Each structure stands twice: as C-alpha cells, then as structure tokens.
Amino acid sequence: MGTKTETAPTTYTAIYTHMDKFVIQGGTPLHGAIPTSGSKNAALPAIAAALLTDGEVQLRRIPRVRDIRTMERLLEDIGTEVQVNGEDVTLQTRQIVSPEAPYELVKTMRASSLVLGPLVARAGRARVSMPGGCAIGARPINLHLAALEQLGATISQEYGYIEANAPRGLKGAHIRFDRITVTGTEDLMMAATLASGETVMENAAREPEVEDLARLLISMGAKIEGAGTSTIRIQGVDRLHGTDAPHIIIADRIEAGTFLIAGAITRGDVRVTGCVPEHLDALIAKMQQAGVQIGRGADWLQVTAGGPLRAVDITTEEHPGFATDLQAQYMALMTQAEGISLITETIFENRFMHAQELLRMGANIRLEGKQAIVAGQTTLSGAGVIASDLRASASLVLAALVARGETVVDRVYHIDRGYEQIEAKLIAAGADIQRVE
Ligand code: EPU
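Residues numbered from 1 in each chain as written. Predicted model: local features only at pLDDT ≥ 70, side-chain atom pairs only at ≥ 80, totals over all residues. Heavy atoms only, no water.

A few points about the domain arrangement of the chain
When cut into domains, the chain gives domain 1 (8-36 + 251-436) and domain 2 (40-248). Measuring from the centre of the C-alpha atoms in domain 1 to the corresponding centre in domain 2 gives 29 Å. In this complex, domain 1 contributes 35 residues to the contact, which on the side of domain 2 involves 29 residues. When domain 1 packs against domain 2, the two sides together hide about 2700 Å² of surface, and 48% of this comes from carbon and sulfur. The interface formed by domain 1 and domain 2 contains 2 salt bridges. Between E209 and R253 there is a salt bridge; the shortest N-O distance is 2.8 Å. Where domain 1 packs against domain 2, one counts 9 residue pairs in polar contact (both at pLDDT 80 or more). Counting residues per element, the ones that place at least two in the side of domain 1 that touches domain 2 are α1 (12-17), α13 (390-402) and α14 (413-416). (Domains from an automatic or database assignment. Contact = heavy atoms within 4.5 Å. Buried area = accessible area lost by both parts, 1.4 Å probe. Salt bridge = Lys/Arg side-chain N within 4 Å of Asp/Glu carboxyl O. Polar contact = N/O pair within 3.5 Å; in protein donor to acceptor, adjacent residues only side chain to side chain. Helix = DSSP H or I, 4+ residues; strand = E, 2+ residues; numbered from the N terminus.)

Here you go:
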C-alpha cells in the first residue's frame, strides 16, 4: 500500500517542548524559486470536516506543520482513522468515540474549536474546552456558540468546558454574524450541512479558505451556495459521504506573501511558485506602491526589488482587505522603507509583539493602541529575539535576513506551527539559516 501513519508523540506537551532556535546571518539577497505549500488554515477545517461522515475523506497537499499534526491527533482521539502519506491524508470516522476537544489541545491551537460544529451535527453532542487567552488577544468563540444556538443546540458551560447538545439534530436558521469570523463561518457551515432545512449565514467571512472548505463539503454531498461572498446558503442533507475525488487544498497565501516580502526586504529576485496570485491582491498592491516590482503568472509571482523602497500605510481587514496574518511581515519590510508608515491592526487587539523584538534589532517603531508608527530606513543588527506567535516569528526571520550579523530566533516552535520547512525553503534561495537545538 505504501501508506504509513506518522507516529504521534505520547503526550500533547511533547509536541511543543523541543526548543529549536534559528541562527540567521543576514545580508544576502534571495534569488530563485520558492515553492508554496498547501494552506494550513484551509487544511485545518478540511480535516475537521471528516467528522461529518463515516465515509473516507481524501485530502491532498496537506502541509506537514505542527498545527496539522495537532488537529490529526485531536481527530484520532475523537475516533477518526488518520492515514498520512507525505502530504496526502485520508481520514475516516466510522464512529464518534469521544466528542471532546481537551484543554491540552485547545490551549495550544484555538482552531481545535472547529470540531464543535461537526460534532454537534453528527453526534448531537460536543464538549470543547474554553479557549482562554492566546498570544494575539482574547479570541473568544462566542459567535460560534450563538450561531449554534440559533441552529437549535443547547449550550452550557462547566469546569472550563463548553458543552453543546442537540440530541434531536440541528435545524436550519437565518444567522447574521455580529462580526466577521473565519473559523466561526467554517464551523457553522459544517454544522449546517447536516441540519434540517435551509441555513442562511449573513456577514460571513469571504476568505479563500472558507471557499475551499465549501468545495470540499460539496464534494461530500453538501448543498452550499455563495461561499466566498458574505451570504452563504446551505440546504441541509441527511448524510454526507466521503470525497468523490481527492480534495486538493489551496495554496497557502500567507506563506506565499511571506516569501514575497522575503524577496523584497533582501532586495533580491524571488519567484514564488504554486500560489494563487488573486488571493494576494491586497499585499501586492501595497508592495507595488512601495516600489517593489511584482510580475505574475497563473500560479506564480515574481518579486524584484528594483528602486528604493517607500513607506506605505496599511490597515488590516477581513478578506479581500490586507490580511492580519501578513501585518507582522509587512512591518519588517517597512523598517527598510524610506519615510514613515502607519500600520493599523483592526482584527486582533494584541498583535504587535513582534514590534518589541524588532526594536531590539534596531527598528524605530512606536506603538499607540492599535497603530504602529514605523520610521523606515533603519539599519537592523543581529540580536537574540523571541518568537511569540506564528506570524510574529516570521517577521523576525525576515528582519534577520537583512540585519547585519547574526540573529538568534528563539522558540521556533511557533514558526513550525504553520510554516512547512521555512528554513529549507529560504536556504534554497540563498539565505544563511541554521536550525539548532
Ligand atoms: N471573535 C469574537 N468572537 C468569536 C470569534 C471571533 O469576538 O466567536 C473576534 C476575534 O477575537 C478576532 C476577530 O473576531 O478579534 C476575528 O477572528 P476570527 O474568528 O476571524 O479568527 P479565527 O477564525 O480564530 C482565523 C485564522 C487566523 C487569522 C484570523 C483572521 C484559522 C485557523 N485561523 O482565525 O490565522 O489570523 O482568522 O484572518 O483559520 C494564523 O494562521 O497565524 C492565524 C492566527
């Protein structure tokens, strides 16, 4: 058969305890092609979708990153057979054995709450640990819960767990999200596929990852219209089946954007391959205004530094606006631009931790609430810095690539949560990075 199941670590904490560091020598412009992996944030709900059916769900281009292993581990606990063969993953949930997401997993990865909707829909019951605070803000799941209640689930809360019950099944409803939520939209979309009657979701997230999930669910027999727009309509069905054909996850737009910035910040010449250029329009527009030349083909983008970099303001927004997941990396770029840029974060209330570390490398950044004021053209120099969340860590790696001398980025496990072999990909384009334990 040639399939093998990756051996999972014995405890959840084992996944997170190894403390690798990156030792990066800055100053080399990057050249060449860097391939994009499958999207982590599309793969996570796709894996959760396997809870909706007893059929076989075949996924392709699943990035081998830590958050994905955590999600696979969670599904195994719930009762799913998970077969991993490189980037091909086959999942089958003949039975829900334990409809629960424990604290140990939810605290390391909030996306664990994506099992809530599918579990209530299929098993009539779910128990998910309360997410609690995380590095980038409070990040509650109240909107997921309010919407599930509208579908008829009873929600209760006890001993740090949220319990959702719908023993007689969910019923379609008209839902209007008070605020746009990506995983909330995905969670509800999954739940509604098995609810009786029609569900309409308004003010839904329009992220490409939501659309990708809808494509997967449709291939499993779901009836969904409007994914990718702010109104999604779902006709519930009695049951879903396995995938008709293997579902190929979309390219990771955040990873691709990170590599575009890597090319620009090092004044290099980088072709990012296997990506979807339309998913990066907001970033591309800002980089072009900043003076970066960007060429594009059907599935690649080429960045050439060209003339001087200019400061350009950004405000993060829901898709198709400028992605909050690229804000930290863009800030690293702006430390090198001529002039002053204003970076406004509107999605998360505490997503500037990278600024403190960039300051340690010589950047000139002032924080005022949800705004960061970046004075550009600073000479960065190598320093010891600490990665605090996934995208913040990526911005430190980018800064290290242009800094003078050696930067040591500690707690690289944050990067490993969502970037597949980032150092190998950057090294292939000429970066000087070593992973040390
Ligand atoms: N919010 C609520 N209540 C809720 C849900 C969200 O108040 O019930 C708030 C959040 O606190 C936040 C805002 O609404 O201030 C938007 O949060 P959203 O729910 O959209 O975020 P998410 O679904 O938890 C996903 C990505 C994040 C990405 C955000 C925003 C996944 C697995 N995660 O998170 O990705 O930053 O959307 O685009 O898809 C990352 O990959 O590094 C990452 C953090």
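Focus: the sheet that holds strand β14 (residues 247-248)
The sheet built from 4 strands is open, its strands ordered β4-β5-β3-β14 with mixed pairing. The sheet is open, and its two borders are formed by β4 (81-85) and β14, each paired with just one other strand. As paired strands, strand β3 (residues 56-60) and β14 are joined by 2 bridges and run parallel to one another. The partner of L59 across the bridge, within β14, is H247. (Pairing = 2+ DSSP bridges.)

What about the site of the ligand?
Of all residues adjacent to the ligand, which total 24 residues, the nearest are N142, T181, T183, D325 and I347. For the ligand, an oxygen atom lies 3.0 Å from a polar atom in the side chain of N41. Separating an oxygen atom of the ligand from a side-chain N or O atom of T181 is a distance of 2.7 Å. For the ligand, whose unbound accessible area comes to 830 Å², protein coverage reaches 90%. Residue assignment for the shell around the ligand shows that the elements contributing at least two residues are α2 (40-48), α6 (142-150), α7 (182-193) and α13. The residue makeup of the shell around the ligand, split by class, is 11 nonpolar, 6 polar and 7 charged. (Near = heavy atom within 4 Å. Areas by Shrake-Rupley, 256 points an atom, 1.4 Å probe, with all protein chains shown as cover. Nonpolar A, V, L, I, M, F, W, Y, C, P; charged D, E, K, R; others polar.)

Considerations on the environment of A153
Mapped onto the secondary structure, A153 falls in the loop between α6 and β8 (154-158). The exposure class of A153 is buried, given its relative accessible area of 6%. Taking the C-alpha atoms as reference points, A153 and L170, separated by 17 residues in sequence, lie 6.6 Å from one another. For A153, the contacting residues outside a window of four places in its chain are V120, L148, N165, A166 and L170. (Buried < 20%, exposed > 50% of the residue type's maximum accessible area, 1.4 Å probe, protein only.)

Some words on the packing of aromatic side chains
This structure, assessed with the given rule, holds 1 aromatic pair. With a centroid separation of 5.3 Å and 70 degrees between ring planes, the pair formed by F322 and Y330 is classed as edge-to-face. Of the two residues examined, F322 and Y330, each falls in the buried class. Here the guanidinium or amino end of R127 rests over the ring plane of Y161, the centre of that ring lying 4.1 Å away. (Phe/Tyr/Trp six-rings, centres within 6.5 Å; stacked < 30°, edge-to-face > 60°. Lys NZ or Arg CZ within 6 Å of the ring centre and 35° of its normal.)

Looking at the confidence of the model for the chain
For the chain, per-residue confidence averages 94 on the pLDDT scale, and 95% of positions sit at 70 or higher. Note that pLDDT drops below 50 for residues 1-17; the model gives that stretch 32 contacts with residues more than four away or on any other chain. (pLDDT = per-residue confidence, 0-100.)

Topic: the side chain of R391
Structurally, R391 can be placed in helix α13. The buried charged residue R391 lacks any salt bridge partner; its closest oppositely charged side chain belongs to D325, at an N-O distance of 4.3 Å. The contacts of R391, once residues within four sequence positions are left out, are K40, N41, I254, D325, A328, Q329, R351 and Y419. (Lys, Arg positive; Asp, Glu negative; His and termini not counted.)

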